[in-house]
Amino acid sequence: MIIKNGNVFLDGKIKKCDVSFSQTITGIGEFTGEDYIDAEGKFVFPGFVDIHTHGGGGGDFMDAEEDSFDKALRFHAENGTTSLLATSVTAPVEDIEKMLAVTRKYMMKEELNGARVSGAHVEGPYISLKNKGAQHERHLRVPEADSYDFILDSSDIIRTVTVSPELDGAIEMIEKMVKKGIVVSGGHDDGYYEKAKAAIDAGMTHCTHIWCAMSGAKMRNGRRTAGLLETALSEDALTAEVIADNFHISPEMLGLIYKLKGSDKMCLVSDCLRGGGMKEDKRLYKLGSKNDPDAVDFIVSGGVARLPDKSRLAGSVIPLSGMLKNAVYDAKIPLEEAIKTVTSTPADIIHEKTVGRIKCENKADFCIMSKDLEPLMTIINGKTVYEKGRC
């Protein structure tokens, strides 16, 4: 198969060329053949990589059900995402383990009709009470007092873990996770620079949804000291993820993060909940498993997920394609830089070598978009899983 005449994103630049592929990319240049996709006037991007998403299309990964996984994976594929990390919330350990078991099953799937599951992101329960966000406090845990063996035992599928660096025992936990090959992400914390620096020295390399549920500069012992936010912005050792939905942070704030971190150390994430792609009809959704009586309720209102009393945001309801448009059109980030934040940069953060770039021998994952950055076609492993206008 050939994608012909497209404006293809290659090596950081958009170039007019053809791409040949089967399950993997086999060539880049000019090709002839009867079996081709005409991408004249369209962008051909690597498939998007979302390293922090809870669900979409009515499904949440914490439901630990195939139907919910399928709904979420289909929703994201229809919006150009080809690889993602199924993300948990703070919940009883046994519920997280159920979600991990289904994640493992989906990682082994060869026939894909939605986005590929590349692993899991465990967000909570080792986070602070103050900055727990919309997550339920009943199941918060402290590394020094509460076992995290279930994480170490599932390091074959857990790619990232969010932890608050200031929690008792967090540094030792970080060291153990890093030894297992897990990417440690600081977030949902209530700490300060010294704790964040100790976590960096222990192997923490990433930060969860920067500026959201994150410690900032504050007075401590008579002097103002940096929090994790300022540490993430200033430390080259840290990459940072951003919810670019124009609600969690403004376009101006996104522009500042880009200016300080650059496209190689900043990635966009959807942090999408089960309400992604659903109608705004005032219905109550669950953040986390629909079967968890402690799961926090939220509504979709004005293009974002909020708690029912609208006192705080609960998460996003738009996919990476929407985040990309906001970054380009509202934050004025150059397209060739913005594309990296949804493709190669998130892939690099989780050490995925065969996705996120259009190059020979990589997986044949593509997102073909209109000139207005609307998803038109999604190809995964060389198979078209979505084409606009077709069921």
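Quick caveat, the model's predicted, so the values are computed rather than measured.

Draft legend 1. Examining the sheet that holds strand β18 (residues 285-287) more closely. The sheet built from four strands is open, its strands ordered β18-β19-β20-β21 with antiparallel pairing. A strand with exactly one partner marks an edge of an open sheet, and here the two such strands are β18 and β21 (313-315). Sheet twist, expressed as the average angle between the axes of neighbouring strands with direction ignored, equals 50°. In this structure, strand β20 (residues 304-306) lies alongside β21, joined through two bridges in antiparallel fashion. Across the sheet, A305 pairs through a bridge with G315, a residue of β21.

Draft legend 2. Layout of unusual backbone geometry. Each neighbour pair has its own omega, and for G124 with P125 the value is 15°, a cis peptide bond. Along the chain, the position of P125 falls in the loop between β10 (116-123) and α3 (149-153). Of note, the phi angle at E361 is positive, near 80°, even though the residue is not glycine. Structurally, E361 can be placed in the loop between α10 (344-349) and β22 (366-369).

Draft legend 3. Inspection of the packing of aromatic side chains at higher detail. One pass over the structure, following the stated rule, counts six aromatic pairs. Ring geometry for F21 and F366: centres 5.3 Å apart, planes at 55°, overall tilted. Residue F21 is located in strand β2 (residues 13-21), and its partner F366 is located in strand β22; the two are separated by 345 residues in the primary sequence. Pair check on accessibility: F21 and F366 agree, each one buried. Summarising the aromatic geometry, the rings of F69 and Y106 are spaced 5.0 Å apart at their centres and angled 35° between planes, so their arrangement reads as tilted. Linking F69 in helix α1 (residues 66-77) with Y106 in helix α2 (residues 93-107), this pair joins segments that are 37 residues apart in sequence. Overall, F69 belongs to the buried group, its relative accessible area being 0%. Of the aromatic side chains, those joined through ring pairs into one cluster are F61, F69 and Y106.

Draft legend 4. Examining the side chain of R116 more closely. Summarising the element assignment, R116 is placed in strand β10. Here S83 takes part through its side chain, which lies 2.7 Å from a polar atom of the side chain of R116.

Draft legend 5. Quick peek at the nonpolar core. By size, the foremost hydrophobic cluster in this structure holds 97 residues, and its most contacted members are F45, I151, I210, L254 and L268. A total of six residues in this core trace back to one element, the largest contributor, which is α2. Leave out the neighbours within four places in its chain, and F45 touches F9, I14, L335, I339, I358, D365, F366, C367, M369 and L373. Listed in part, the 16 residues of the second largest apolar core include V8, L10, I368 and M377.

Draft legend 6. Local environment of the pattern of salt bridges. Evaluated as defined, the whole model comprises 23 salt bridges. For the salt bridge of K71 with D67, the shortest nitrogen-to-oxygen distance reads 3.3 Å. On the criterion of helical spacing, the pair formed by K71 and D67 is a turn pair, its members being four residues apart in helix α1. For the salt bridge of D201 with K197, the shortest nitrogen-to-oxygen distance reads 2.9 Å. Placement of both D201 and K197 in helix α5 (residues 193-202) is noted, with a separation of four residues, approximately one turn of the helix. Salt bridges here are not isolated pairs; linked through shared partners, they connect K130, D190 and K218.

Draft legend 7. Summary view of the side chain of E352. Residue position: E352 is located in the loop between α10 and β22. A polar contact is formed between the side chain of E352 and the side chain of R159, at a distance of 2.8 Å. Leaving out residues up to four positions away in the same chain, E352 has contacts with S118, R159 and A347.

Conventions we followed
- Residues numbered from 1 in each chain as written.
- Predicted model: local features only at pLDDT ≥ 70, side-chain atom pairs only at ≥ 80, totals over all residues.
- Heavy atoms only, no water.
- Pairing = 2+ DSSP bridges.
- Helix = DSSP H or I, 4+ residues; strand = E, 2+ residues; numbered from the N terminus.
- Axes fitted to C-alpha atoms, helices over the stretch in contact; angles between N-to-C directions.
- Phe/Tyr/Trp six-rings, centres within 6.5 Å; stacked < 30°, edge-to-face > 60°.
- Buried < 20%, exposed > 50% of the residue type's maximum accessible area, 1.4 Å probe, protein only.
- Polar contact = N/O pair within 3.5 Å; in protein donor to acceptor, adjacent residues only side chain to side chain.
- Core = buried A, V, L, I, M, F, W, Y, C linked by side-chain atoms within 4.5 Å.
- Contact = heavy atoms within 4.5 Å.
- Salt bridge = Lys/Arg side-chain N within 4 Å of Asp/Glu carboxyl O.

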